[in-house]
Amino acid sequence: MLYKEPAPIKDRENPFESMMSRFNIAAEVLGLDEEVYNVLKSPTRQVIVNVPVTMDDGKVRVFEGFRVMHSNILGPSKGGIRYAPDVFLDEVKALAAWMTWKCAVVDIPYGGAKGGIICDPYSMSAGEIERLTRAYTSSLVDIFGPDQDIPAPDMGTGPREMAWLMDEYSKTKGSTTHAVVTGKPLVLGGSLGRVEATGRGVMVSAMAAMEKLGMDPHKSTAVVQGFGNVGSWAAKLMAERGVKILGVSDVSGAYWNDKGIDIEEAIEYKNAHNGRLEGFTGAEQMNPDDLLTAKVDVLVPAAVEDVITIHNVDKIQARLIVEGANGPTSYKADNIINEKGIMVVPDILANSGGVTVSYFEWVQNRMGFKWTLDRVNERAERIMNEAFERVYAASQKYNVPMRIAAYIVAIDKVAMTYKYRGGF
Ligand code: NAD
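Residues numbered from 1 in each chain as written. Predicted model: local features only at pLDDT ≥ 70, side-chain atom pairs only at ≥ 80, totals over all residues. Heavy atoms only, no water.

- As recorded in an unreviewed UniProt entry, the chain goes by the name Glutamate dehydrogenase, listed as coming from Pontibacter oryzae.

This is the structure:
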């Protein structure tokens, strides 16, 4: 299954600037000193490669690719590789920085990175994608490494590409190196529980936030935007804990049932219909714009960027927003959300269950030992709960919203580590 991460829309907020706006607020609250601010505000390394690939028609095409390491202060940098026609450097820089903050929030020993290749994988043959993946890996073979920079899937790439990357790297280095990449197929050292890890983390964050707000899951309702990997798992696991999921949506539309949608049935339907809910009869169709502003207790955006904006934020009725997607809330909507008293569990906390289990995959590869699913889930749940408590405590201490608190926790950890390690 491909891990598809929706690309940003160009006339929306620049993702790097949007990330920096929050970073700046947190840095000010924290009183971050100028030296550390300057270290963290720009990526450590930005590499642009041009790789020639022989296409099926015998012609050679040159593809531009990026690999950005935002920071390696906490450890080797970690982050996915995106294949998309419109991937651009500022986007990769923002995604790399988000990885730094995510890893720091959940307290795993990684820095942040991200990569991308400008290409349209859906119009290329498997052979062309394989050659492109191998060429990109070969050009970055001295950058990647289990102790240096560890890629993973992102939009347009999946376990298949990670297997090619691992193989190319291993051949060049002359030894099988599973831990150079995560998100591999299970037979090649992938971890049990990785597929559902992000949705599970969203559910754990939602339960923790509901407890703080005094909300009983069995008496609460929710809507979930996006019914892919993250959204469907989050909906299923929240429903299992008693939350009534009144509405869900995907690219085909939005679906509503006053009595609660049977999520198992919806997942079965989607799996049998090319990943889409179109034609699902267990709910009524509704206007997708109304889903986000519906009268429910919890809103889980788990699809694309910038869906909660100054254009709809006034109408949002949920008390709690749990961000499964990366960047679903535009920077400009933050203030209104705060004024309305809505609690937001921000993306860098709520969706970090994925990178947490990627970290477990790397640990297992290095141990040469496979953990059971129960062990993976139990440890991931503990890490997510501890991260939630750290962020909640920071929000109380500094009297700031959870989003800024998450940045504070992350920046503080990276800054302290930098102080101990020192510069030049
Ligand atoms: P996916 O491709 O599996 O699913 C995306 C879903 O969103 C699909 O159901 C699609 O139909 C739906 N969708 C697309 N545009 C929509 C729209 N405008 N309105 C409503 N639904 C729409 O992707 P995913 O892996 O579930 O990722 C979803 C989000 O979670 C992304 O922002 C991604 O960056 C983030 N995320 C994913 C992971 C992971 O491990 N998969 C980890 C961290 C963050």
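Continuing now.
Let's talk about the packing of helix α6 (residues 194-212) against helix α13 (residues 373-398)
Line of reasoning, step 1. In the contact formed by α6 and α13, the axes pass within 9 Å of each other and the chain directions differ by 45°. When the axes of α6 and α13 are compared, the pair comes out oblique. Crossing handedness for the pair α6 and α13: right-handed. Here α6 contributes Glu 196, Arg 200, Gly 201, Val 204, Ser 205, Ala 208, Ala 209 and Lys 212 to the contact with α13, which in turn contributes Leu 373, Asn 377, Glu 381, Met 384, Asn 385, Phe 388, Glu 389 and Tyr 392.
Line of reasoning, step 2. Looking at side-chain class alone, the contact of α6 with α13 contains 7 nonpolar, 4 polar and 5 charged residues. (Axes fitted to C-alpha atoms, helices over the stretch in contact; angles between N-to-C directions. Helix = DSSP H or I, 4+ residues; strand = E, 2+ residues; numbered from the N terminus. Parallel < 35°, antiparallel > 145°, perpendicular 65-115°, else oblique. Left-handed = near helix turned anticlockwise from the far one by under 90°. Contact = heavy atoms within 4.5 Å. Nonpolar A, V, L, I, M, F, W, Y, C, P; charged D, E, K, R; others polar.)

Brief notes about the confidence of the model for the chain
Line of reasoning, step 1. Summarising the model, the chain shows a mean pLDDT of 95, and 97% of its residues fall at 70 or more.
Line of reasoning, step 2. Every residue in residues 1-11 is under pLDDT 50, and counting partners more than four places away or in other chains gives 40 contacts. (pLDDT = per-residue confidence, 0-100.)

Examining the UniProt feature "binding site: NAD(+)" (unreviewed entry) in the chain
Line of reasoning, step 1. Using the residue numbers shown here, the UniProt feature "binding site: NAD(+)" (unreviewed entry) corresponds to Thr 198 and Asn 229. Spanning 32 residues, the annotated positions come together in the fold, the maximum distance between their C-alpha atoms being 8.1 Å.
Line of reasoning, step 2. Within the secondary structure, Thr 198 is located in helix α6.
Line of reasoning, step 3. The buried category is assigned to Thr 198, whose relative accessible area is 10%.
Line of reasoning, step 4. Beyond its immediate stretch of four places on either side in the chain, Thr 198 contacts Val 230, Ala 350, Asn 351, Gly 353 and Gly 354.
Line of reasoning, step 5. The residue Asn 229 is located in helix α7 (residues 229-240) in this model.
Line of reasoning, step 6. Side-chain polar atoms of Asn 229 contact the backbone oxygen of Val 195, separated by 3.0 Å. (UniProt positions renumbered as here; feature names shortened; annotations may be inferred. Buried < 20%, exposed > 50% of the residue type's maximum accessible area, 1.4 Å probe, protein only. Polar contact = N/O pair within 3.5 Å; in protein donor to acceptor, adjacent residues only side chain to side chain.)

As for the domain arrangement of the chain
Line of reasoning, step 1. Taken domain by domain, the chain consists of domain 1 (45-180) and domain 2 (196-349).
Line of reasoning, step 2. Inter-centroid distance (C-alpha atoms) of domain 1 to domain 2 is 30 Å.
Line of reasoning, step 3. Of the residues lining the interface, 4 residues belong to domain 1; the matching set on domain 2 comes to 5 residues.
Line of reasoning, step 4. Of the roughly 550 Å² buried where domain 1 meets domain 2, counting both sides, 66% is carbon and sulfur surface.
Line of reasoning, step 5. The three residues of domain 1 that bury the most area against domain 2 are Trp 98, Lys 102 and Val 105, which together make up 74% of that side's buried surface.
Line of reasoning, step 6. The tally of links from domain 1 across to domain 2 stands at 0 salt bridges. (Domains from an automatic or database assignment. Buried area = accessible area lost by both parts, 1.4 Å probe. Salt bridge = Lys/Arg side-chain N within 4 Å of Asp/Glu carboxyl O.)

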